[in-house]
Amino acid sequence: MMAVRAVNGGSLFRTAASPPLLTFGCRFRQFSSLPFRRNSELGLRFPFFCCGNQFLGYGGGLSRSVHSLVDCVMEELTAWRSRRRIRATVKLTTSGELLEDKLVNQEIEKGLLLEFKKDSDRVLLGVAQRPDGKKNWMVYDQNGVTSSIKPQQITYIVPGVENFDHAEISKFLQKAQENLDPTLLEIAWVELLEKNASVTAEELAEMIFGSSEPLESYCAHLLLSKDEVYFTVLATKGSRTIYGPRPTGQVEELLHKKLAKDAAEKELQDFVQLIVSAKAKPALAKPPKSSWMVDEKIQYKIESLEAYAIDACKSDEQRKTAGMILKAMGLTKTASSALNLLINIGYFPVHVNLDLLKLNILTDHSDEIIAAAESLLSDSSDSDEMNREDLTHLKVYAIDVDEADELDDALSATKLQDGRMKIWIHVADPTRYVEPGSMVDREALRRGTSVFLPTGTYPMFPEKLAMEGMSLKQGELCNAVSVSVILHSDGSIAEYSVQNSIIKPTYMLTYESATELLHLNLEEEAELKILSEAAALRLKWRRQQGAIDTSTLEARIKVVNPEDLEPSINLYVENQADPAMRLVSEMMILCGEVVATFGSCNNIPLPYRGQPQSNIDVSAYSHLPEGPVRSSAIVRIMRAAEIDFRKPIRHGVLGLPGYVQFTSPIRRYLDLLAHYQVKAFLKGETPPFSAGQLEGIASIVNMQVRVVGLQASAWVSIGSQVGDEVEVQVEEAHPRDDVLYLKEVLRN
């Protein structure tokens, strides 16, 4: 019988009949601080040992050889045998023996120390107090709580204990935790694997501690029950469990998984520390968003939290990662928890617009796109330079909202000698810079439109290209596509032309200032008055063609300082029937009719927009006040718009035989498409896109473009007639939860 053996020349193990290794003069150092070497054959880690003050390790010693280590141990073993007769205190059950012999369950008695499952997540230690019914027992647990448990809840009965004092439970647990050393399992595993033997907690205690006293037995039970690598459960009966060593290959695989799990847990804890640190910093000292993107693993975790916050996780793994982070932070696993955490660390601004994230709306252009745009700006060539009509002699009015960034249309007018009015609609010419299929064009297609929000504008083109190169600017020479129209006296189109041009905008006006100029009726601004007269004439003509007036009131909100905790919010109410707004909208509609007619006459595929003539009897709404109230009621029953890419289709609501949106090529990609097609024709070239290709592109754009608004109904105490104005005040708003509370403002 071998009492001590050397495994691969590097580690010592004892048999069941030998004394515990801790009793030898050649002893284990504390395992948690020992360096380890890996056995090349088994892929296992073995500890260094010391004998006296001499240290030895795998493959050789620092001051003594492995053989001297064996001699040292053998001497100690001989002395120990001479003092005490060796007895085989542990009988290991081999695979050929019956396990049932070891599964004799101990009866529960008062005073026994029990381990039991409180619930799925908690295992407690308690002392049996008294029976509770036929099978249950009342126990007093480590937390000082008395409760009734079922026999099947008991996971272990600590052996050798009688009348245990429940006041000593905490001390017992503390001592048990101090004695836990998982590396001892590795030693026992090698021993048992070689013998193909199973083991109980008490037997393991005798092997690794040299004693099966209550404390040692419970320590062995804890090691075995928590082990996920070396041992597996062979049989269980009540509180008795027998364990067997796993095969070497399985242990290697589990060790690999454990190492990966430990690394992942360490990685998670490091990330949580970063979060905690960022959360504790004052607002101005928070780490920039870019700092979370430097390391791939950190980036994945922060993006998992972001996806969780907007309910857009791409995989179960991403959802699981976010959940683990929230749990580690002591937060509930909810989208709002993730959102608030990202705000608290400065990753999201305080007033983050979640819809931008949920709808995947791009708010920045990449460095690559910006560089490509700047390269286009530096190119001074103009392929249409020789074919541009010089219209710099015209007085040009550009009218838009006061905060407009991209200015893409302007107007001119004059009266001919025969009294007819001639109108010019000048549209910015972005095709001067951008060609179909180019990098900048593909990015504009991906966006589909500029995004206008109260907190800012996110342009379809890079800002510098859109504002400095493409936009019309007051007092500067600007490339344009000019649509000129001569009107009959009834407002219908008499003549038209579409041409490349160069203009010099005279005025940049807001709607408010343009309306004021119209009211002043200044003689030197006769051109503005002609435009107003033309707009009124056109509206009258369109109504005769079946057009329906859809002008209404529209709220416009501007947030001056969106990053502040208490931002300044400015609210404007636009009346689309306002003279200047009516003027501009009528001229844009006129331009759309001309381009549709031009495209039809020249067989140019274009995005021809139409809307079926609804069977609307406008007189049925005559009881409603004219204006926003009546328009809103009519809009509700209108049929959906349609697009044909081969020929014009009637636009019943506008009262036009055909219509093409053409006046916002910097802001809307479908308008840019129309420019590509028309500009190619003006050059004498074949349009770049067929009708089928246009349809495919339009379907992509329509997936990106969304109009977001709010409509609601409410009961009010004042206002007896439809159309009466009622003033309300926002009482509470939770936009991320789609909650908005309004209250009626009562005036004396």
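Residues numbered from 1 in each chain as written. Predicted model: local features only at pLDDT ≥ 70, side-chain atom pairs only at ≥ 80, totals over all residues. Heavy atoms only, no water.

An unreviewed UniProt entry lists the protein chain under the name RNB domain-containing protein, with Gossypium arboreum given as the organism.

Peer 1: Help me understand the overall build of the protein chain in this model?
Peer 2: Secondary structure assignment for the protein chain yields 19 helices and 32 strands. Out of the 748 residues in the protein chain, the part that is buried amounts to 44%. Across the protein chain, every contact between residues at least 6 apart in sequence was considered, and the portion connecting residues at least 24 apart equals 64%. Counting only carbon and sulfur atoms, one obtains 50% of the accessible surface of the protein chain, whose full area is about 39,800 Å². (Helix = DSSP H or I, 4+ residues; strand = E, 2+ residues; numbered from the N terminus. Buried < 20%, exposed > 50% of the residue type's maximum accessible area, 1.4 Å probe, protein only. Contact = heavy atoms within 4.5 Å. Areas by Shrake-Rupley, 256 points an atom, 1.4 Å probe, with all protein chains shown as cover.)

Peer 1: What's the story with the packing of helix α12 (residues 439–447) against helix α18 (residues 669–682) in this structure? I'm lost.
Peer 2: Helix-helix packing: each pair is described by the crossing angle between the helix axes and the interaxial distance. Following both chains from N to C, one finds α12 and α18 inclined at 140 degrees, their axes separated by 9 Å at the closest point. In terms of axis orientation, α12 runs oblique to α18. Taken together, the residues of α18 that come into contact with α12 (itself represented by Asp 441, Ala 444 and Leu 445) are Tyr 669, Leu 672 and Tyr 676. (Axes fitted to C-alpha atoms, helices over the stretch in contact; angles between N-to-C directions. Parallel < 35°, antiparallel > 145°, perpendicular 65-115°, else oblique.)

Peer 1: For this particular structure, what's the right way to read the nonpolar core?
Peer 2: Considering soluble globular proteins, one finds that nonpolar side chains tend to be buried as a cluster. In terms of nonpolar packing, the biggest core is built from 43 residues, with Ile 399, Ile 423, Ile 425, Leu 531, Leu 583 and Met 587 touching the most fellow members. For this core, the elements supplying multiple residues, two or more each, are β19 (397–400), β20 (409–415), β21 (421–428), β24 (478–487), α14 (511–520), α15 (526–544), α16 (579–601) and α18. With 12 residues, α16 is the largest single contributor of residues to this core. Discounting residues that sit within four places of it in the chain, Ile 399 has contacts with Leu 509, Thr 510, Tyr 511, Ala 514, Leu 528, Leu 583 and Val 584. (Core = buried A, V, L, I, M, F, W, Y, C linked by side-chain atoms within 4.5 Å.)

Peer 1: Explain the pairing of strand β16 (residues 231–237) here, please?
Peer 2: Two faces, one strand: in a regular strand the side chains alternate between the faces of the sheet. In this structure, β16 lies alongside strand β17 (residues 240–245), joined through six bridges in antiparallel fashion. Of the residues in β17, the one forming a bridge with Phe 231 is Pro 245. (Pairing = 2+ DSSP bridges.)

Peer 1: Is there a simple way to think about the packing of aromatic side chains in this case?
Peer 2: Under the counting rule described, the total for this entry stands at nine aromatic pairs. Ring centres 5.7 Å apart and planes at 40 degrees place the aromatic pair Phe 172 and Tyr 218 in the tilted group. Of this pair, Phe 172 sits in helix α2 (residues 169–179) while Tyr 218 sits in helix α5 (residues 214–226), and the two are 46 residues apart along the sequence. Taking relative accessible area as the criterion, Phe 172 reaches 9% and is therefore assigned buried. (Phe/Tyr/Trp six-rings, centres within 6.5 Å; stacked < 30°, edge-to-face > 60°.)

Peer 1: What am I meant to see in the packing of helix α6 (residues 248–280) against helix α7 (residues 296–309) here?
Peer 2: Contact geometry of α6 with α7 gives a least axis separation of 11 Å together with a crossing angle of 65 degrees. Looking at the two axes, α6 sits roughly perpendicular to α7. Once α6 is placed against α7, the crossing between them reads as right-handed. Only Lys 297, Ile 298, Lys 301, Ile 302 and Leu 305 of α7 make contact with α6, whose side of the interface consists of Glu 267, Leu 268, Phe 271, Leu 274 and Ile 275. By residue class, the composition of the contact of α6 with α7 is seven nonpolar, no polar and three charged. (Left-handed = near helix turned anticlockwise from the far one by under 90°. Nonpolar A, V, L, I, M, F, W, Y, C, P; charged D, E, K, R; others polar.)

Peer 1: Sorry if this is basic, but what is going on with the pattern of salt bridges here?
Peer 2: In a structure, side chains of opposite charge can pair up when their charged atoms sit close to one another. A full pass over the atoms with the stated rule returns 31 salt bridges. A salt bridge links Arg 543 to Asp 549, with the shortest nitrogen-to-oxygen separation between them at 3.0 Å. We classify Arg 543 as partly exposed; its relative accessible area is 38%. Salt bridges here are not isolated pairs; linked through shared partners, they connect Asp 382, Asp 384, Arg 388, Asp 429 and Lys 679. (Salt bridge = Lys/Arg side-chain N within 4 Å of Asp/Glu carboxyl O.)

Peer 1: What should I look at first to understand the side chain of Ser 484 in this one?
Peer 2: Mapped onto the fold, Ser 484 is located in strand β24. On the basis of relative accessible area, Ser 484 is assigned to the buried category, the value being 6%. There is a polar contact of 2.4 Å between the side chain of Ser 484 and the side chain of Ser 497. Those residues in contact with Ser 484 that sit more than four places away from it in its chain are Lys 422, Ile 423, Trp 424, Glu 495, Tyr 496 and Ser 497. (Polar contact = N/O pair within 3.5 Å; in protein donor to acceptor, adjacent residues only side chain to side chain.)

Peer 1: Would you take a moment to explain the environment of Ser 366 for this structure?
Peer 2: Mapped onto the elements of the fold, Ser 366 is located in the loop between α10 (354–358) and α11 (367–378). Owing to a relative accessible area of 35%, Ser 366 belongs among the partly exposed residues under this scheme. For the pair Ser 366 and Glu 443, spaced 77 residues apart in sequence, the C-alpha to C-alpha distance is 9.7 Å.

Peer 1: Is there a simple way to explain unusual backbone geometry in this structure?
Peer 2: With the exception of glycine, most residues fall at negative phi, and the peptide bonds are largely trans. Phi at Asn 360 is positive, roughly 55 degrees, even though this residue is not glycine. Of note, Asn 360 is situated in the loop between α10 and α11. Its identity is not glycine, yet Asn 603 carries a phi of approximately 55 degrees, on the positive side. With respect to the helices, strands and loops of the structure, Asn 603 is situated in the loop between α16 and β29 (608–610). Take Asn 603: its relative accessible area is 69%, and that puts it in the exposed class.

Peer 1: I tried to follow a nonpolar patch on the surface on my own but got confused; where do I start?
Peer 2: Residues Val 716, Val 726, Val 728, Val 730, Leu 740 and Leu 742 make up a contiguous nonpolar surface patch of roughly 450 Å² in combined accessible area. The set of elements that each furnish at least two residues to the nonpolar patch consists of β31 (728–734) and β32 (739–744). With respect to the helices and strands, the residue Val 730 is situated in strand β31. (Patch = residues over 30% accessible without salt bridge, like charges linked within 9 Å, V, L, I, M, F, W, Y side chains within 5 Å.)

Peer 1: Help me understand the sheet that holds strand β10 (residues 113–117), please; the structure alone is not making it clear to me.
Peer 2: The strands making up a sheet associate through backbone hydrogen bonding, with each pair oriented either parallel or antiparallel. With antiparallel pairing, the five strands of this open sheet are ordered in space as β13-β12-β11-β10-β14. With partners counted over all chains shown, the strands left at the sheet margins are β13 (146–149) and β14 (154–157), one partner each. Sheet twist, expressed as the mean angle between neighbouring strand axes with direction ignored, is 45 degrees. Taken together, the three bridges between β10 and β14 define a ladder with antiparallel strand orientation. Residue pairing across strands places Glu 115 opposite Tyr 156, the latter belonging to β14. Sheet contacts for α2: β10, β11 (123–132) and β12 (136–141); angle to β11, the most-contacted strand, approximately 145 degrees.

Peer 1: So what exactly am I meant to see when it comes to a negative patch on the surface here?
Peer 2: Together, Glu 374, Asp 405, Glu 463 and Glu 468 make up a region of like negative charge exposed at the surface. Looking at the secondary structure, you find Glu 468 in helix α13 (residues 463–470). (Lys, Arg positive; Asp, Glu negative; His and termini not counted. Charge placed at Lys NZ, Arg CZ, Asp CG, Glu CD.)

Peer 1: What am I meant to see in α6 here?
Peer 2: Note on helix geometry: an α-helix contains 3.6 residues per turn, so any two residues three or four positions apart are oriented the same way. Relative to the 48 Å expected for 33 residues at 1.5 Å per residue, α6 spans 48 Å between its end C-alpha atoms, a close match to the ideal helical length. Looking at α6, one finds that the buried residues are Val 251, Leu 255, Leu 268, Phe 271, Val 272, Ile 275 and Ala 278. Taken together, the buried residues of α6 touch α3 (183–195), α7, α8 (316–328) and α9 (335–344). (Expected span 1.5 Å × (residues − 1).)

Peer 1: Is there a simple way to explain α18 in this structure?
Peer 2: Taking 1.5 Å per residue as the helical rise, α18 with its 14 residues ought to reach 20 Å, and the 20 Å between its terminal C-alpha atoms agrees with that figure. Burial runs high along α18: 12 of the 14 residues are buried. All of the buried residues in α18 are Tyr 669, Leu 670, Asp 671, Leu 672, Leu 673, Ala 674, His 675, Tyr 676, Gln 677, Val 678, Lys 679 and Ala 680. Gly 684 lies just past α18 and shows a positive phi near 85 degrees.

Peer 1: Could you clarify how one ought to interpret the confidence of the model for the protein chain in this entry?
Peer 2: Interpreting fine coordinate detail is not advised for predicted regions of low pLDDT. Per-residue confidence for the protein chain gives a mean pLDDT of 84, with 84% of residues at or over 70. Confidence over residues 1–67 falls short of pLDDT 50; this stretch has 154 contacts with residues more than four positions distant or in other chains. (pLDDT = per-residue confidence, 0-100.)

Peer 1: Help me out: how do you make sense of the pairing of strand β25 (residues 493–503) in this one?
Peer 2: Note: strand β18 (residues 389–390) against β25, two bridges, orientation parallel. When the bridges of β25 are listed, Asp 390 appears paired with Ile 502. With 10 bridges connecting them, β24 and β25 associate as antiparallel partners. Along β25, the bridge assignment pairs Ser 482 with Gln 499. A loop of five residues connects β24 with β25, the two strands running antiparallel in sequence, and Gly 491 in this loop sits at a positive phi of about 100 degrees.

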